[in-house]
Amino acid sequence: RKEVEQDPGPFNVPEGATVAFNCTYSNSASQSFFWYRQDCRKEPKLLMSVYSSGNEDGRFTAQLNRASQYISLLIRDSKLSDSATYLCVASGGGADGLTFGKGTHLIIQP
Amino acid sequence: GAVVSQHPSWVICKSGTSVKIECRSLDFQATTMFWYRQFPKQSLMLMATSNEGSKATYEQGVEKDKFLINHASLTLSTLTVTSAHPEDSSFYICSARMGGGEAFFGQGTRLTVV
């Protein structure tokens, strides 16, 4: 069975700090990876895709390690508004489904 | 990003009745649509995957006769919860995907069965 594993947290982090979390995936054939963000009682929203070479979008950096089958998300200079659940997603591509992790709950404290 | 519209946003229905939820991709053709359910403080649970023009593939433990999915076009999928009961009360979310890219989610439907 395809699995994506994440530490559920919660991660309690002071505002302004840097926080990182990883997720591991079991399906070595996975080709596409994403990080989604879900706020309480809302739908998940795409935060960023994860490319083999790694990618950065403002304060957010995503990395992919295919050899060890993990994906990471780094948030720098964290803001109160970053508090949310972060979902790691792996996909085999094509019409294959997306496999979601259970999410990591992040709480940024003032 | 692409827009996926889901409605209704919330619905309250009586036990025993059926509820239909629509999911539309507004600015792209969705080759695949997914239906999820999420209970409070729990993670997303995939219910079924549907490709346009073919029968949906249901996850283990999801009753296909109770949760009817229709994906008649590349922009519309519907989920009908038949003979709803209080235990079906949940947050139902659809997502749509074109090819192998990222998926975009609808706003979700909060169903309460009384």
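Residues numbered from 1 in each chain as written. Chains lettered and ligands numbered in written order. Predicted model: local features only at pLDDT ≥ 70, side-chain atom pairs only at ≥ 80, totals over all residues. Heavy atoms only, no water.

1. Thoughts on the environment of B:Phe34
For clarity, the cut-off: Secondary structure elements follow DSSP: runs of H or I of four or more residues count as helices, runs of E of two or more count as strands, with numbering from the N terminus.
Residue position: B:Phe34 is located in strand E4 (residues 32–38). Here the alpha-carbon distance between B:Phe34 and B:Cys13, two residues 21 residues apart in the chain, equals 23 Å.

2. Focus on the pairing of strand E3 (residues 19–25) of chain A
Residue and element names in this part refer to chain A. Worth spelling out the cut-off: Residue burial is assigned from relative accessible area. The probe radius is 1.4 Å, only protein chains are included, and a residue is buried under 20% of its type maximum, exposed over 50%, and partly exposed in between. DSSP calls a pair of strands paired once it identifies at least 2 bridges connecting them.
Every second residue of E3 is oriented toward a common face, the buried set being Val19, Phe21, Cys23 and Tyr25 and the non-buried set Ala20, Asn22 and Thr24. Where E3 meets strand E8 (residues 70–75), six bridges bridge the pair, whose relative direction is antiparallel. Looking at the pairing, Cys23 lines up with Ile71 of E8.

3. Remarks on the side chain of B:Thr49
All names here are of chain B. As a reminder of what qualifies: The contact definition used throughout considers only heavy atoms, calling two residues in contact when any of these lie within 4.5 Å.
Residue placement: Thr49 occurs in strand E5 (residues 45–51). By relative accessible area, Thr49 is classed as buried at 12%. If near-sequence neighbours (up to four positions away) are discounted, Thr49 is found in contact with Thr32, Met33, Phe34, Ala56 and Thr57.

4. Considering a nonpolar patch on the surface
Heads up, the rule is: Two distance rules govern patches: like charges are joined within 9 Å, and nonpolar side chains (Val, Leu, Ile, Met, Phe, Trp, Tyr) within 5 Å, applied only to residues with over 30% relative accessible area and no salt bridge. For every accessible area listed, the method is Shrake-Rupley and the probe measures 1.4 Å; residues are considered covered only by the protein chains on display. For this document, the term salt bridge refers to a Lys or Arg side-chain nitrogen within 4 Å of an Asp or Glu carboxyl oxygen.
The grouping of B:Trp10, B:Ile12 and B:Val114 at the surface amounts to a nonpolar patch, some 370 Å² of accessible area in total. For B:Val114, a relative accessible area of 56% gives the class exposed.

5. Regarding the sheet that holds strand E7 (residues 67–73) of chain B
The strands making up a sheet are joined through hydrogen bonds of the backbone, oriented either antiparallel or parallel. Residue and element names in this part refer to chain B. This is how the line gets drawn: All axes are obtained by fitting lines to C-alpha atoms, using only the stretch in contact for helices, and the reported angles, taken between N-to-C directions, cover 0 to 180 degrees.
With respect to topology, four strands assemble into an open sheet ordered E1-E3-E8-E7, the strand pairing being antiparallel. In this open sheet, the two edge strands, each paired with only one partner strand, are strand E1 (4–7) and E7. Ignoring strand direction, the axes of neighbouring strands in this sheet form an average angle of 15 degrees. Of the strand pairs in this sheet, strand E3 (residues 19–25) and strand E8 (residues 76–81) are connected by six bridges, and their pairing is antiparallel. Pairing of Lys20 across the sheet is with Thr80, part of E8.

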